[in-house]
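Structure assessment
Single-letter residue listing:
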Amino acid sequence: MHDALLERGFRRVPSGSVDIYEGRLLITSGEVPVTVLVPDLDFVTMPLVHISESWQGPDRRLPHLGPSRLICYYALGSVVLDRYDPGGTIVRCIEQATRVLEDAVEGRSDADFGAEFDAHWSARWMLCDLPAGYSGPATIIYPRLSVASEPTPVLVAGSSWARDRDPPRRADGPEETALVVSIGTPLTLDPERKWPPADYDELVDWLRWADPVLTSRLEEALSSGTGHQATLAIRATNGTFACRITVPPPMRTVEFLVNRRSTLARNLARPVGQVSLERITADSADLGYIYGRNLGSRGGLAGRSVAVVGCGTIGSFLAQQIALCGAGTGGGHLLLVDTDDLRTANLGRHLLGIPFLHRNKAEACARYLNIMMPGAKVEWSAKAAQTLTALRGFDLVVDATGEEALSLALNQAAVDRRPSGPALLFCWLMGNGAAAQCILVDGEAGKACLKCLKPELAGEPVYPVMRPDVEMEFGRVEACADGEFVTFPVSRSVAAAALACDLALDWAAGRPGHRLRTRIFEPDKAFEVADCSPGVTDRCPACSTRR
Ligand SMILES: [Zn+2]
């Protein structure tokens, strides 16, 4: 690396543990003196390229030039960082920094201000729960989003999960009026102007430059609001950015705030006292964004009614995963069913821990998910789920109990109700977690049910998974009156839950694909079984006794 830099005319500056070099970048308009700092030859941290104070650049703001004149030359994938080729890597970094600076100085990359706008606007934030493309009046509310949290500002229009989260404050919490305007372009800054706007006048100047319509929206926000604060939130394609104007104390009179409200914007241009401006960045917090962002075109479980029977080691993680995919939101709901309480025996492989000990597992999981997931409607029941009667209204019932008798009862009810729903999804572990399996039993005629996989209770499975002669290992802790239990680590429960969650997502997308899916974790104990959608087994008592 040293030689590569010397070849480029750089010289090493004596320093401590960090390698520092001084040299010049050659751009069309001349030479730019820089300092190159290499904090780390593994390139986990990028080499830093600083422009020296002695350089007189153009008299305007440059994109990609950060504080302390650091060139932000690194965009994802623009430079290959190779710890095994430090010389080549540092040369590529310097070449990329030169290109970035050249484009900035020549005014070819001003559009990139839009991408950096978020960083330039403000470190203050609020949440934003608005419909896509919304323009119109809105409110900033201050709910406590969790028991211990401070009130959080949330920009809403009408109903919002954030309102429902803190009912006691709903009636008497502070609220501010705001105006939202959606624009189909990114917000960007004016390189010729001081940035960011520090007061009302600078804000008006910038808005006029950005889009004259925005100045009239600001006037509207001021004249239509109440009280001595007014907020304009601009939803641009590069984010939502708000500015809050506070009328100075001498102007907080009935005369200015009520009688002459319609001309408040004009009066603030010749203010009596200091008009304060706060810039706030709004983080998207609408449910479509929260639950849909990561699923892309796949689609999720929002709007579906899903029941999870069994909130033990598999069911608790599965309930969490399907809640993260939107189950219980968008008008759907999520019901968790379990008859047992959470015990210390469960803690080593359960979603929940100490705060929920000795509470019903379904209740505890519902409570936990309602706290963690915004807008989710998670309910619970401690009643046994032997029949589908109570579950008829659901689109999907997931059985994660691993209790054969219960599963077969649910299976029979599902087969009897074909072709109507709900669809049933069973998932379980085999042989101390050597394999996980799940099957979807939906209304599709001619497809195998759970019982089709093993028509005789004590007989051989139609699709053998476990290798013969594999001994099961049981645990027994007498002192805890724990009874006998099957040992396996939490990793297998989470993997089984993930297998079932994928199948649930495919079902929701209307493309269930393989209805029987198997994952092998210990090939010495289990056979590879290809995923498939088996047909009905001739001698299946569930399918043949269909009432
Ligand atoms: Zn069957």
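Data block above holds the structure.
To start, this report covers the structure provided alongside it. Every value quoted in this text rests on a predicted model; they were computed, and no experiment measured them. (Residues numbered from 1 in each chain as written. Predicted model: local features only at pLDDT ≥ 70, side-chain atom pairs only at ≥ 80, totals over all residues. Heavy atoms only, no water.)

Observations regarding the packing of helix α6 (residues 200–210) against helix α7 (residues 212–224)
For clarity, the threshold we go by: Every axis corresponds to a line fitted to the C-alpha atoms, with the helix fit spanning only the stretch in contact, and the corresponding angles, defined between N-to-C directions, vary from 0 to 180 degrees. Labels follow the DSSP assignment, with helices taken as runs of H or I lasting at least four residues and strands as runs of E lasting at least two, numbered in each case from the N terminus. Small angles under 35 degrees read as roughly parallel and large ones over 145 as roughly antiparallel, with 65 to 115 read as roughly perpendicular and the rest as oblique. Only heavy atoms matter for contacts: two residues are in contact if any of them lie within 4.5 Å across the pair.
Two elements in contact, α6 and α7, have axes whose closest approach is 5 Å; the angle formed by their N-to-C orientations is 135 degrees. On the basis of their axis angle, the class for α6 and α7 is oblique. In this structure, α6 contributes Tyr200, Leu203, Val204, Leu207, Arg208 and Ala210 to the contact, and α7 contributes Pro212, Leu214, Thr215, Leu218 and Leu222.

A word on the pairing of strand β12 (residues 306–309)
Selection rule: When a residue's accessible area, from a 1.4 Å probe over protein chains only, is under 20% of the maximum for its type it is buried; when over 50% it is exposed; and in between it is partly exposed. One requirement defines pairing of two strands: DSSP has to find at least two bridges between them. For crossovers, right-handed means that the path from the first strand over the helix to the second runs clockwise, given strands pointing away from the viewer.
Of the two faces of β12, both are covered, the one formed by Val306 and Val308 as well as the one formed by Ala307 and Val309. Here 4 bridges tie β12 to strand β13 (residues 334–337), and the two strands are oriented parallel to one another. Of the residues in β13, the one forming a bridge with Val306 is Leu334. Since β12 and β13 lie parallel, the crossover through helix α11 (residues 313–324) that links them has a hand, and here it is right-handed. In terms of strand pairing, β12 meets strand β15 (residues 396–399) through 4 bridges, oriented parallel.

Side note on the packing of aromatic side chains
For clarity, the cut-off: The pairing test for Phe, Tyr and Trp rings, Trp by its six-membered ring, is centres within 6.5 Å, and the orientation test on the planes gives stacked under 30 degrees, edge-to-face over 60, and tilted for anything in between.
Scanning all chains against the criterion turns up 9 aromatic pairs. Seen in terms of ring centroids, Phe117 and Trp121 are 5.5 Å apart; in terms of plane orientation they differ by 20 degrees. Their pairing is stacked. Residue Phe117 and its partner Trp121 are both found in helix α3 (residues 113–121); the two are separated by 4 residues, about one turn of the helix. An identical accessibility class is assigned to Phe117 and Trp121; each is buried. Between Trp121 and Trp206, the aromatic rings sit 5.4 Å apart at their centres with planes inclined by 40 degrees, giving tilted as the arrangement. Of this pair, Trp121 sits in helix α3 while Trp206 sits in helix α6, and the two are 85 residues apart along the sequence.

Points about the pattern of salt bridges
Pairs can form between side chains of opposite charge whenever their charged atoms are close. Note the cut-off: The salt bridge criterion pairs a side-chain nitrogen of Lys or Arg with a carboxyl oxygen of Asp or Glu, the two atoms within 4 Å.
Inspection of every chain in the model, using the stated rule, returns 29 salt bridges. In this structure, Arg193 engages Asp190 in a salt bridge whose closest nitrogen and oxygen atoms are separated by 3.1 Å. Judged by its relative accessible area of 31%, Arg193 is partly exposed. Taking relative accessible area as the criterion, Asp190 reaches 6% and is therefore assigned buried. Put simply, Arg124, Glu176, Arg244 and Glu278 are held in one network by salt bridges that share partners.

Quick notes on the coordination of the zinc ion
The following threshold applies: Donor atoms are limited to N, O and S found within 2.8 Å of the metal ion, a distance that becomes 3.2 Å for Na, K and Ca. With water left out, some sites might look partial. Geometry is assigned from donor-metal-donor angles: four donors are tetrahedral when every angle falls between 85 and 135 degrees, four are square planar and six octahedral when opposite donors sit over 155 degrees apart with all other angles between 65 and 115, and any other arrangement is irregular.
Those donors, Cys449 (SG), Cys452 (SG), Cys540 (SG) and Cys543 (SG), are the protein atoms that reach the zinc ion, and they lie 2.2 to 2.3 Å from it. Geometry at the zinc ion is tetrahedral, judged from the 4 donor atoms that bind it and their angles of 105 to 116 degrees at the metal. When the donor residues of the zinc ion are listed from N- to C-terminus, their spacing reads C-x2-C-x87-C-x2-C. In terms of burial, Cys540 and Cys543 fall into one category: buried.

Thoughts on the nonpolar core
Spelled out, the test is: Working definition of a nonpolar core: buried Ala, Val, Leu, Ile, Met, Phe, Trp, Tyr and Cys residues. They are joined through side-chain atoms within 4.5 Å.
The biggest cluster of nonpolar side chains holds 49 residues, and the ones touching the most others in it are Leu301, Leu318, Ile322, Leu334, Leu336, Leu396 and Leu425. Elements represented by at least two residues in this core include exactly β12, α11, β13, α12 (361–372), β15, β16 (423–430), β17 (435–441) and α14 (490–508). If one sorts the elements of this core by residue count, α14 sits on top with 10 residues. Those residues within four positions of Leu334 in sequence are excluded, and the remaining contacts are Val306, Val308, Ala319, Ile322, Ala323, Ala327, Gly328, Lys377, Val378 and Glu379. Of all hydrophobic cores here, the second largest spans 34 residues; its members include Phe113, Trp195, Trp206 and Ala221.

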